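A structural walkthrough
Listed below, chain by chain, are the residues.
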Amino acid sequence: MAARCASVPVMPEGDTIHKVALALRPHVAGVPIRALRLPHGDVPMAAGTRGVAVKARGKHLIVTFGAPGAPPRVLRTHLGMNGSWHRYRPGERWRKSPSDTPHVAIHTDDWVLVCFQPAQCVLYQHPGDLERDPAIADLGPDLLGPGLDLDVVLARARVARNAARAVAEVLLDQRVAAGVGNVYKSEVLFLERVDPWAPVGAIPDLVIRAVYARAAALLAANVHDGARVTAPERAPFGHRLPPGLRHWVYRRAGHPCPRCRAPIAGRPQGPQVRMTYWCPSCQAPLVARPSPPTGS
Ligand SMILES: [Zn+2]
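Predicted model only: the values in this text are computed from it and were never measured.

**Thoughts on the overall build of the protein chain**
- Secondary structure assignment for the protein chain yields seven helices and twelve strands.
- Out of the 296 residues belonging to the protein chain, those deemed buried represent 49%.
- The contacts of the protein chain with a sequence gap of at least 6 include a subset with a gap of at least 24, amounting to 61%.
- For the protein chain, the computed accessible surface area is about 14,100 Å², with 55% contributed by carbon and sulfur atoms.

See the structure below:
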C-alpha cells in the first residue's frame with residue numbers, strides 16, 4: 001500500500017534533486033532510522049531499520065529503507081514548485097512550522113531531514129511497486145544518469161505524438177528524458193540556436209542530439225553546491241555578460257542577446273503556460289510562429 005499526499009503539476013530541475021541526494025546520502029545511507037513522518041502522519045518502522053540508499057531519478061528523490069527480515073521500503077518525493085529539503089539537528093528550530101506545513105521528516109540520531117511541502121510523496125512497501133508506478137516507469141533516461149544513451153533519447157523524442165509539438169515543450173516532457181526544467185529549456189535552446197517553437201518533426205536528428213547533449217552537460221556542471229549557473233563568466237560570443245549574471249536568456253526579456261545584441265524575447269508557451277526566453281534573431285524560426293495573444 002502506498003501513502004500519497006496531494007499532487008500538483010510542477011517543474012523543478014533535475015540538478016536540484018541530484019544535489020539533494022548528494023547532501024542527504026551521508027546522513028541516511030547505512031544510518032539507523034529512528035522515525036519517519038509523512039504528511040498524513042508517522043509511519044511505523046520495524047526495529048533495526050536503516051537507510052539503504054538515496055538516489056535521484058530525474059526530478060524524483062528515491063530513499064530506500066531496510067530492516068532485518070523485511071523487504072526494503074522505498075520513499076519517493078517530488079519537490080514541485082514549492083517543496084524544499086532541509087537538515088536540522090534534533091531539537092533545532094525548523095524554518096517552517098511543522099504543524100502548519102505538510103512535510104516528510106526522516107529522523108536519525110544526529111539529524112532530522114525534512115522535506116517541506118512535497119508535491120508528491122509515496123511510500124512503497126516493495127521496490128517493485130516503485131518501478132511499476134507510471135511516475136517512474138514512464139520516465140525517459142536521466143540526463144544525469146551514468147551511461148546516458150542519446151540514441152534512446154532521440155528515439156523517445158521521435159515518437160509520433162511529438163512530431164508536431166514545439167521542441168521547448170518536448171524538452172520539458174520527462175518521458176523523453178528526465179531532468180530538464182524551465183531554466184535549462186530556454187538556456188539549452190539558446191546555446192544550440194534552436195527556435196523554441198520549432199516542431200520536433202522539423203528538426204534534424206543531429207540538432208535534437210545536440211540539444212539533449214547540451215542539457216546533460218549543463219545539468220552535470222551544476223551538480224554541486226551553490227547557485228545554478230548556465231552562463232560562464234566569459235561568454236563564448238565575444239561579449240561579456242554583466243557581472244553576476246547566471247543565465248544567457250532566462251528571465252532576461254528585453255535585454256540584449258549576448259550573441260547578436262537583438263532584444264531577448266519572453267513569452268508563455270505550451271499547455272502549462274511556462275515562460276520561454278529566446279533570441280528571435282539568432283534562434284530564427286523554422287516555421288511561422290503563432291502570433292502572440294492580443295487584447296486582454
Ligand atoms: Zn541573438
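That was the structure; now back to the text.
**Thoughts on the pairing of strand β9 (residues 112–116)**
- With respect to burial, β9 is a largely interior element, five of its five residues being buried.
- Side chains of β9 alternate between two faces, with Val 112, Val 114 and Phe 116 and Leu 113 and Cys 115 buried alike.
- As judged from the five bridges shared by strand β7 (residues 84–88) and β9, these two strands associate in the antiparallel manner. Paired with Ser 84 across the bridge in β9 is Phe 116.
- Of the pairings in the sheet, the one linking strand β8 (residues 103–107) to β9 comprises five bridges and is antiparallel in character. Note on β9: the bridge partner recorded for Ala 105 is Val 114.
- Counting the residues between successive antiparallel strands, the hairpin from β8 to β9 contains four residues.

**Some thoughts on the environment of His 103**
- Along the chain, the position of His 103 falls in strand β8.
- Distance from His 103 to His 40, taken between C-alpha atoms, is 8.8 Å for residues 63 residues apart in sequence.
- Other than its neighbours up to four places away in sequence, His 103 contacts Arg 37, Leu 38, Pro 39, Trp 94, Pro 98, Val 114, Cys 115, Phe 116, Gln 117 and Pro 118.
- Polar side-chain contacts of His 103 include one of 3.4 Å to the backbone oxygen of Pro 98.
- Looking at His 103, its side chain comes within polar contact range of the main-chain oxygen of Thr 101, at 2.8 Å.

**Some remarks on the pattern of salt bridges**
- The full count for this structure, using the stated rule, is ten salt bridges.
- Its salt-bridge partner being Arg 132, residue Asp 129 comes within 2.9 Å of it at the nearest N-O pair. Pair noted here: Asp 129 and Arg 132 are both in helix α2 (residues 127–132), with a separation of three residues, about one helical turn.
- Its salt-bridge partner being Asp 173, residue Arg 175 comes within 2.8 Å of it at the nearest N-O pair.
- Classification of Arg 175 as partly exposed rests on a relative accessible area of 37%.
- Each of Arg 165, Asp 173 and Arg 175 takes part in one network of salt bridges that share partners.

**Examining the coordination of the zinc ion**
- Coordination of the zinc ion by the protein comes from Cys 257 (SG), Cys 260 (SG), Cys 279 (SG) and Cys 282 (SG), over a distance range of 2.2 to 2.3 Å.
- Of note is the zinc ion, whose four donor atoms meet at the metal with angles of 99 to 127° in an arrangement that counts as tetrahedral.
- Donor residues binding the zinc ion come from one chain and are separated in sequence as C-x2-C-x18-C-x2-C. Placement of Cys 260 in the loop between α7 (205–221) and β11 (265–269) and of Cys 282 in the segment after β12 (274–278) is noted, with a sequence separation of 22 residues between them.
- The exposure class of Cys 260 is partly exposed, given its relative accessible area of 30%.

**Here's the deal with the packing of helix α4 (residues 150–157) against α7**
- Between α4 and α7, whose axes approach to 10 Å, the crossing angle comes to 115°. Of the two possible hands of crossing, α4 and α7 adopt the one that is right-handed. Counted together, Leu 150, Asp 151, Val 153, Leu 154 and Ala 157 of α4 and Asp 205, Ile 208, Arg 209, Tyr 212 and Ala 213 of α7 form the full contact between these two elements.
- Broken down by class, the residue content of the contact of α4 with α7 amounts to seven nonpolar, no polar and three charged.

**Describing the confidence of the model for the protein chain**
- Residues at a pLDDT of 70 or more form 87% of the protein chain, whose mean pLDDT is 88.
- This model gives residues 1–11 a pLDDT under 50, and the stretch forms 34 contacts once residues within four places in sequence are excluded.

**Points about unusual backbone geometry**
- Not every positive phi belongs to a glycine, and Gln 117 is a case in point at roughly 50°.
- Here Gln 117 shows up in the loop between β9 and β10 (120–124).
- Its identity is not glycine, yet Arg 261 carries a phi of approximately 75°, on the positive side.
- With respect to the element layout, Arg 261 can be found in the loop between α7 and β11.

Basis of the calculations
Residues numbered from 1 in each chain as written. Predicted model: local features only at pLDDT ≥ 70, side-chain atom pairs only at ≥ 80, totals over all residues. Heavy atoms only, no water. Helix = DSSP H or I, 4+ residues; strand = E, 2+ residues; numbered from the N terminus. Buried < 20%, exposed > 50% of the residue type's maximum accessible area, 1.4 Å probe, protein only. Contact = heavy atoms within 4.5 Å. Areas by Shrake-Rupley, 256 points an atom, 1.4 Å probe, with all protein chains shown as cover. Pairing = 2+ DSSP bridges. Polar contact = N/O pair within 3.5 Å; in protein donor to acceptor, adjacent residues only side chain to side chain. Salt bridge = Lys/Arg side-chain N within 4 Å of Asp/Glu carboxyl O. Donors = N, O, S within 2.8 Å, 3.2 Å for Na, K, Ca; no water. Tetrahedral: all angles 85-135°; square planar, octahedral: opposite > 155°, others 65-115°. Axes fitted to C-alpha atoms, helices over the stretch in contact; angles between N-to-C directions. Left-handed = near helix turned anticlockwise from the far one by under 90°. Nonpolar A, V, L, I, M, F, W, Y, C, P; charged D, E, K, R; others polar. pLDDT = per-residue confidence, 0-100.

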